[in-house]
Amino acid sequence: MARQPRQVHIFLFRQREDMYEYAIFQREDMALCWQGICGGVEGEETLEEGARREVYEEAGIKEQLPLYQLESISFLPADLFDEEEREKWGRDMVVIPMYFFAMAYDGEIHLSQEHTDVRWLGYKEAYDLIYYTDQKVALYELNEKLLRNLLHGKSKRSLLPLTGEKHILP
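Rules used throughout
Residues numbered from 1 in each chain as written. Predicted model: local features only at pLDDT ≥ 70, side-chain atom pairs only at ≥ 80, totals over all residues. Heavy atoms only, no water. Core = buried A, V, L, I, M, F, W, Y, C linked by side-chain atoms within 4.5 Å. Buried < 20%, exposed > 50% of the residue type's maximum accessible area, 1.4 Å probe, protein only. Helix = DSSP H or I, 4+ residues; strand = E, 2+ residues; numbered from the N terminus. Contact = heavy atoms within 4.5 Å. Expected span 1.5 Å × (residues − 1). Phe/Tyr/Trp six-rings, centres within 6.5 Å; stacked < 30°, edge-to-face > 60°.

For the rest of this paragraph, the subject is the nonpolar core. Phe 11, Phe 13, Tyr 22, Ile 24, Leu 139 and Leu 142 are the most contacted members of the largest nonpolar core, which has 28 residues in total. The element best represented in this core is helix H4 (residues 133-147), accounting for five residues. In this structure, Leu 142 is in contact with Phe 11, Phe 13, Tyr 22, Leu 70, Ala 102 and Leu 151, ignoring residues within four places of it in sequence.

Take a look at the structure:
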């Protein structure tokens, strides 16, 4: 299936007593790189379909849980991707957008071969561990929206804010 010049990044989160935790994955090909679930949109997939497929492929999550698109968007240099894909996209494709999503999940995670470890961490620990700045910004957005009860998806279901967690931008 042909890869589109679009990337998705999904943070899994869960509520624990008076705080939220985030699943942060260690990449197999880059041991220093910890992030959410990340991958390309393929074929005729929508962003949401691509995000759900990546969640299944990288974490083994089959449930069709609410998916929340964040406002954060970043861009990746097209030359990070193989030459064959870049040729299909055309020489005008210099950067590709990465769209950020969040999904509430509190079950078992089955790691794919793309990752060597996953950790459920509070906001500050997750923020400190994440490798790329754009992903830190998206995590900040998610955490703030959870704390302020502003996270809404297509389901229009919002999550209750927690009282014990502080608003922190490290």
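Next comes the rest of the write-up.
Glancing now at helix H1 (residues 47-59). Here H1 is 13 residues long and its end C-alpha atoms lie 18 Å apart, about the 18 Å a rise of 1.5 Å per residue gives. Residues of H1 that are buried include every one of Leu 47, Gly 50, Ala 51, Arg 52, Arg 53, Glu 54, Val 55, Glu 58 and Ala 59, and no others. In the core, the buried residues of H1 are packed alongside strand E1 (3-16), strand E2 (19-27), strand E4 (37-42), strand E5 (67-77), strand E6 (95-104) and strand E7 (115-122). One or two residues past the end of H1 sits Gly 60, with phi positive at roughly 75 degrees.

Taken as a whole and judged by the stated rule, the model has four aromatic pairs. With 6.2 Å between their ring centres and 75 degrees between their planes, Phe 13 and Tyr 20 make a pair best called edge-to-face. Accessibility expressed as a relative area gives 1% for Tyr 20, which makes it buried. A ring pair is formed by Phe 81 and Trp 89, whose centres lie 5.7 Å apart and whose planes are at 70 degrees; its orientation type is edge-to-face. As far as burial versus exposure is concerned, Phe 81 and Trp 89 are alike and both buried.

What follows is about unusual backbone geometry. Note on backbone geometry: most residues besides glycine have negative phi, and most peptide bonds are trans. In this model, Glu 17 sits at a positive phi of 45 degrees, which is unusual for a non-glycine residue. Turning to its location among the elements, Glu 17 is positioned in the loop between E1 and E2. With a phi angle near 55 degrees, Asn 149 is a residue other than glycine that sits in the positive phi range. Within the secondary structure, Asn 149 sits in the segment after H4.

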